[in-house]
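Given next are the chains, with one letter for each unit.
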Amino acid sequence: MSRAIVLDTDMASDVDDALCLALALGSPELEILGITNVGRESGLRARVTRRLLELAGRTDIPVYAGCRVPLLAGSGFNWFGHEGEGILEPGSEPPLESAHAVDALLEISKQRPGLGVVAVGPLTNLAVALAKDPDLAARIGRLTLMGGHLREVAYRGRVFPPGVDYNLCSDPHASLLVLRSGIPTTLVSADVTLRTWLREADAVRIERAGTELQRALARALRIWTPVQQRLFEPKAAQPEDNVAFLHDPLTLACAYDESFCGFETLEIEPTIENGVFRTLERASASKATFPMRCATSVDADAFRTHFMGRLLG
């Protein structure tokens, strides 16, 4: 039986959101009941989502624009300036659902109790939904979340200690509300997702694949790769063979197949320290901690192989 999910995404900045959507469309284990969009210019993000669905022939899936600013404060939402390039045609206005993403999430959860939510962006939509209807927490069967930073990870000679990540830290108060709500949560944190990525040869295979969706993804990949290199690569070094991290696709995959990652149930304390949201791993349970199923390792080659198989299949 397929698992019913809503995908909550900040589509169109990092290409991994588009790759995540493509993986979801190629995964028969999932029934996508709706896609909610969050972040600055959420309407544009939703139009990018709608266009990708049109290219895939899946206009049956409803798309909703959601929250555009953090609840109270924070670093704000990313905006690189390339959003929509390679996917949206100039002046294109793909149709969206009239309902706000928050209201759509509440309505879908009432129709399908036990709903899975896969959240691969800031948690503002979920937080506002919980504020409007606290009973939502009991209707969500599982929240699979790309976010948090639990343990040390190294990349290109740089060691990233447990600390911040974009998705949860961009709206710290929303993250605090959601992760303290009691929703059963699977956490796929940045220290794990930073270990898996697509290579140049993968990008070439996608470019040569031939469908309209695959060509759009290839264009988006080529736009994103130099942005990612500026963010992560040492200036004096030869760039890694890494065209895009697979943060969001790995998280999506964990909603239907956990075999790519090693998991531990950990006591996590969601908290705000000096204005910065943190996911702190604690040795024992307390009133401040919540047990979460956490990915702590990944078989990067196995997942990349799975992802490419689904994308090109």
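Above this text is the structure in question.
On a predicted model such as this, the values are computed, not experimentally measured, just so you know.

**Re the nonpolar core**
Of all hydrophobic cores here, the largest spans 61 residues; its most connected members are L19, L52, L198, L221, L252 and F307. Dropping the residues within four chain positions of it, L198 is found in contact with L19, I206, L221, D241, N242, V243, A244, L246, R304, F307 and M308. If you look at the next biggest cluster of nonpolar residues, it comprises 39 residues, including V117, I183, L187 and I268.

**With respect to the pattern of salt bridges**
Counted by the stated rule, this structure contains 19 salt bridges. A salt bridge links R304 to D202, with the nearest nitrogen and oxygen atoms 3.6 Å apart. Of the two residues, R304 is situated in helix α12 (residues 300-312) and D202 in helix α9 (residues 200-209); the sequence distance between them amounts to 102 residues. You'll find R304 and D202 in the same group, each marked buried. Overlapping salt bridges, with partners in common, bring together R199, D202, D301 and R304 in one network.

**Notes on the layout of surface pockets**
Its boundaries defined by the atoms lining it, the largest pocket holds a volume of some 700 Å³. Forming the walls of the largest pocket are 27 residues, and the residues nearest its centre are N78, D165, Y166, F232 and H247. For the lining of the largest pocket, the secondary structure elements donating two or more residues are α1 (16-25), α6 (166-169), α10 (212-232) and α11 (247-253). A per-element tally of the lining of the largest pocket places α10 first, with four residues. Looking at the lining of the largest pocket residue by residue, the classes come out as 13 nonpolar, seven polar and seven charged. Considered as a void within the structure, the second largest pocket measures approximately 180 Å³ in volume. If you go around the second largest pocket, you meet 15 residues; those closest to its centre are R3, G116, R142, T144 and A255. The dominant element in the lining of the second largest pocket, judged by the number of residues it contributes, is strand β4 (residues 115-119), at four residues.

**Points about the sheet that holds strand β2 (residues 30-37)**
The mixed open sheet is built from nine strands, whose spatial order is β3-β2-β1-β4-β5-β8-β13-β11-β12. Only two strands of the sheet have a single partner each, and these edge strands are β3 (63-65) and β12 (276-282). Averaged over all pairs of adjacent strands, the angle between strand axes in this sheet comes to 30°, irrespective of strand direction. Running over the sheet, α1 touches β1 (3-9) and β2 and is turned about 155° from β2.

**Digging into unusual backbone geometry**
Positive phi outside glycine occurs at A12, with the angle close to 100°. Note that A12 resides in the loop between β1 and α1. Even without glycine at this site, N274 takes up a positive phi of about 55°. Relative to the helices and strands, N274 is located in the loop between β11 (261-273) and β12. With relative accessibility at 82%, the residue N274 sits in the exposed group.

**A look at the pairing of β1**
Burial analysis of β1 places six of its seven residues in the buried class, which makes it a mostly covered element. In the sheet, β1 pairs with β2 via seven bridges, with the strands oriented parallel. Bridging from a neighbouring strand, A4 pairs with E31 of β2. Handedness of the β1-α1-β2 crossover: right-handed. The pairing of β1 with β4 spans four bridges and is parallel. Its bridge partner being in β4, V6 is matched across the sheet by V117.

**Section: the environment of A12**
For A12, a relative accessible area of 13% puts it in the buried group. Once the C-alpha coordinates of A12 and I206 are considered, the two residues, 194 residues apart in sequence, prove to be 18 Å apart. Discounting residues that sit within four places of it in the chain, A12 has contacts with D17, R45, V48, H82, E83 and G84.

**A word on the environment of A127**
Note on placement: A127 falls in helix α4 (residues 124-132). A relative accessible area of 1% places A127 in the buried class. Through-space distance from the C-alpha of A127 to that of H173 is 8.4 Å; in sequence the pair is 46 residues apart. Among all residues touching A127, those that are not within four sequence positions of it are L71, A174, L177 and V178.

About the criteria used
Here the residue index of a chain counts from 1 through its sequence in written order. Local features in this predicted model are restricted to residues whose pLDDT is 70 or higher, and side-chain atom pairs enter the listing and the counts only when it is 80 or higher, whereas totals over whole chains, interfaces and linings include all residues. Water and hydrogen atoms were dropped before computing side-chain values, which therefore reflect all heavy atoms in the structure. Throughout this description, the term nonpolar core refers to a set of buried Ala, Val, Leu, Ile, Met, Phe, Trp, Tyr and Cys residues connected via side-chain atoms within 4.5 Å. Think of it in three bands: residues with accessible area under 20% of the maximum for their type are buried, residues over 50% are exposed, and the middle band is partly exposed, with areas taken using a 1.4 Å probe on protein chains only. Any two residues having at least one pair of non-hydrogen atoms within 4.5 Å are treated as being in contact. One speaks of a salt bridge when a side-chain nitrogen belonging to Lys or Arg is within 4 Å of a carboxyl oxygen belonging to Asp or Glu. Helix and strand definitions here come from DSSP, where helices need a minimum of 4 consecutive H or I residues and strands a minimum of 2 consecutive E residues; each element is numbered from the N-terminal end. A cavity here means a set of points on a 1 Å grid, drawn over the protein atoms and nothing else, where a 1.4 Å probe fits but cannot get out; a pocket is an open set with protein on both sides within 12 Å along at least five of seven lines, and a residue lines either one if it has an atom within 4 Å of a point. Grid points are joined across faces, edges and corners, and a volume is the space filled by probe spheres set on the points. By the convention adopted, Pro, Cys, Tyr, Trp, Phe, Met, Ile, Leu, Val and Ala count as nonpolar, Lys, Arg, Asp and Glu as charged, and the other residues, Gly among them, as polar. Here a strand pair is declared whenever DSSP counts at least two bridges between the two strands. Lines fitted to C-alpha atoms define the axes, with helix axes restricted to the stretch in contact, and inter-axis angles between N-to-C directions lie between 0 and 180 degrees. When the strands point away from the viewer, a crossover counts as right-handed if the route from the first strand across the helix to the second turns clockwise.

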